[in-house]
Structure formats: structure tokens, C-alpha cells
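Reading the structure
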Amino acid sequence: MAVCIAVIAKENYPLYIRSTPTENELKFHYMVHTSLDVVDEKISAMGKALVDQRELYLGLLYPTEDYKVYGYVTNSKVKFVMVVDSSNTALRDNEIRSMFRKLHNSYTDVMCNPFYNPGDRIQSSPGGPYSRVRIQSRWALLPVSDPVQVGPTSCVRSSPAGPLITW
Amino acid sequence: MADEALFLLLHNEMVSGVYKSAEQGEVENGRCITKLENMGFRVGQGLIERFTKDTARFKDELDIMKFICKDFWTTVFKKQIDNLRTNHQGIYVLQDNKFRLLTQMSAGKQYLEHASKYLAFTCGLIRGGLSNLGIKSIVTAEVSSMPACKFQGTMQKGVTDTPNKMFQWILCHRNGRLRRLTKPNIILKT
């Protein structure tokens, strides 16, 4: 179970970021921001490597004393970053991969939603019927092609998706 | 194959729908092709996201163009692009000798003047797909004899992103000067 997940656009601004409300959220935002450098490093390293390791999943980006940060980049240069509690040793690589797959599937559905303008913040309601990836605090995650959640076009751009989104 | 006919017929209706609304004054005359191209752009963005979900990461631009010619074209039009040419400096020409959306129209020069309307959506499709993969481009199409047609994509390097999506301008760097193109993206050559 992740403590924080973030979806970052190719221009490196956040599209969606959610963390457990009990912790200091700014800390997670900062962690996700710093992990972007590591993501860029990994992508450029992969480009030069002759090995055919062209997977979308990047693996563990960097560990801190309390948390581990994992990354995943899609072909459209959208990055998914997940912060997981270090004490949760039962979490395997495969589970992280499957969480990222579900995230990717949900993101694809958002892209295909006609009410969503690519590049806008992603809106999502907590505890919605379309939640797929699990987060510790039972917050729901990704918005999927439910036009009700996105709301009328005039509202999509105005309301922020969560606390302190702009970097 | 019923699903092929579905897209074909829907596309034809879409083109005639846009032109009908232009006649009734809802859309400014001359903006129909831009409208169709923008529709294709948005569809292309979504489609590419879906199609590249399971593929490996692309190595370079050429890899992306090959993907568009093979997998993308096969999924949308049930056939591959027949010929891909490039000058390795950002210009790619995709040639389709039997373009699905034009086969029903004619087999020679008849209706050539109307072909541009039916190519606008596909140009937008390619442009949208490339833009979602991180390549800014201008895609034009030309038809000399139906149903063969050529799509030319010019990749742009270092063009600043216009933050305001409402403007339909495309800044094109040609011969070292910045030009603003307000014409629609389709060039028809006979």
C-alpha cells in the first residue's frame, strides 16, 4: 500500500498528487519533486544503454530512512511516482509493478475521457466507485471515465485537485 | 469486417456534418478543415496513450515513426503504411497507396478537389499522436491520384510552446524566419 502517489506531466508539473492525510503532505510533495531528477537520470541512461532494457517500470528510485520511492514512465513521458513506507517489507516488486499497471490503465482512461483536456489537473473524488489502486488511507485514486466527477467544463480548470499542487 | 465500415461511415458523416454546420453559419467558412484537424488531434492523443501502454519505450524519432506506420496505422486502418521516407533532418513522408478513407470515393482523378476534407482528420490524428509522444510537428497531406496519398510530417525542434490553447496559430520556423500560419494545415497538390 502506497503512502503517496503522484502523476506528473511531461513538462514536469503535477497532474495529480495524493498522500495520506495524517502525515505532513509537504514532505511528500518535496520527495516526489526531488525524485524527478532521478527519473530523468534513469531515462537518459537507458537511452544510451545497448541493453534492450526498454521497460516502462523504473524500479526503486531512491530509499530514505522511512520511505522508498518507485518510479514509472510511460511512452508519452508522463511519470508516475509512488512513495511506500519502508517498514512495509511484505511489499514485493511485483505488487509495485501491478500497482503501476493499474495506475497506467486509469491514466489511459482519463486521456480518453472527452471531458478531460490533456494537460489539466486530474480531478478525483475520494471513495469513488472507480478506485483501483489502493492507498493506505483508503482514499481513492484515480478518476476514470466518469464525467460526473470531472464536472461541467467551466469547473474543470478552476478547482484545484488537492493541497499545494503548484511547484 | 463490420468494424472497418463503422469508422469509415462515421468519418464521412462527420465531414459532411461539419460542412453543413458551416453552411448554417455556426462555423466560420474556411475553418472546417481546421476543426476536423483539431478533432483528429485530440483523438490521436488518446489513441496513442492507449496503444503505447504495453509497448516498450521508444529509442528515437525514427522508432516512433515506424510505430506510427506499422502498429498505429494497422490498428486504425487495418493496413500498414506502404512507404516511409525521411531526409533524417526532421521530414518524414508516409505514403499510403490505398488509403482506406478514400477507396470508396474514386479510383483516379474524380473528386480530387474534395479529398482534402477527408484527409484533415487523419492529419490531425498523426499530429496528435506525435504530440503526445513528445514531438511537435506539422502534418500535411497531398493526393495526386486517388486512393493513394502522402502524409508529410515536419518535426519541429526548439519551438516555444504557446501556453494559450485558444489560439490556432502555428509558429513555423522556415528559412530562419518565424512565420505565423493561419491557413489550415492541409495542402492539396494536383
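Look a little higher up for the structure.
These remarks concern the structure in this document. Small disclaimer: the values here were computed from a predicted structure and weren't measured.

**What to know about the packing of helix α2 (residues 32-51) of chain B against helix α3 (residues 61-77) of chain B**
Any two packed helices are characterised by the angle at which their axes cross and by the distance between the axes. Residues and elements named next belong to chain B. Here α2 crosses α3 at 100°, and the two axes come no closer than 12 Å. When the axes of α2 and α3 are compared, the pair comes out roughly perpendicular. In contact with Leu47, Ile48 and Phe51 of α2, α3 contributes Phe67, Phe72, Thr75 and Val76. Its residues assigned to classes, the contact of α2 with α3 shows six nonpolar, one polar and no charged.

**A look at the pairing of strand β4 (residues 67-73) of chain A**
Every other side chain in a regular strand lies on the same face of the sheet, so the side chains alternate between the two faces. Residue and element names in this part refer to chain A. Counted residue by residue, β4 has six buried out of seven residues, so it is predominantly covered. Here strand β3 (residues 57-63) runs beside β4; their pairing, made up of five bridges, is antiparallel. Across the sheet, residue Leu60 finds its bridge partner in β4, namely Tyr70. Relative to strand β5 (residues 79-85), β4 runs antiparallel, the two being bridged by seven bridges. Within the sheet, the bridge partner assigned to Lys68 lies in β5 and is Val84.

**A word on the sheet that holds strand β2 (residues 91-96) of chain B**
All names here are of chain B. The four strands lie next to each other as β1-β2-β4-β3, forming an open sheet whose pairing is antiparallel. Two strands in the sheet have a free side with no partner beyond their single neighbour: β1 (83-86) and β3 (136-145). This sheet shows a mean twist of 20° between the axes of neighbouring strands, independent of strand direction. Examined bridge by bridge, β1 and β2 share four bridges and lie antiparallel to one another.

**Digging into the interface of chain A and chain B**
Contacts between the two partners involve 25 residues from chain A and, on the opposite side, 20 residues from chain B. Note that Arg50 of chain B and Asp109 of chain A form a salt bridge whose closest N and O atoms lie 2.9 Å from each other. On the surface where chain A and chain B come into contact, there are 11 residue pairs in polar contact (both at pLDDT 80 or more). Among the elements that make up the side of chain A that touches chain B, the one with the highest residue count is helix α2 (residues 93-112) of chain A (eight residues). A per-class count over the side of chain A that touches chain B returns nine nonpolar, eight polar and eight charged.

Parameters at a glance
Residues numbered from 1 in each chain as written. Chains lettered and ligands numbered in written order. Predicted model: local features only at pLDDT ≥ 70, side-chain atom pairs only at ≥ 80, totals over all residues. Heavy atoms only, no water. Axes fitted to C-alpha atoms, helices over the stretch in contact; angles between N-to-C directions. Helix = DSSP H or I, 4+ residues; strand = E, 2+ residues; numbered from the N terminus. Parallel < 35°, antiparallel > 145°, perpendicular 65-115°, else oblique. Contact = heavy atoms within 4.5 Å. Nonpolar A, V, L, I, M, F, W, Y, C, P; charged D, E, K, R; others polar. Buried < 20%, exposed > 50% of the residue type's maximum accessible area, 1.4 Å probe, protein only. Pairing = 2+ DSSP bridges. Salt bridge = Lys/Arg side-chain N within 4 Å of Asp/Glu carboxyl O. Polar contact = N/O pair within 3.5 Å; in protein donor to acceptor, adjacent residues only side chain to side chain.

None of the figures reported here should be taken as evidence of function without further support.
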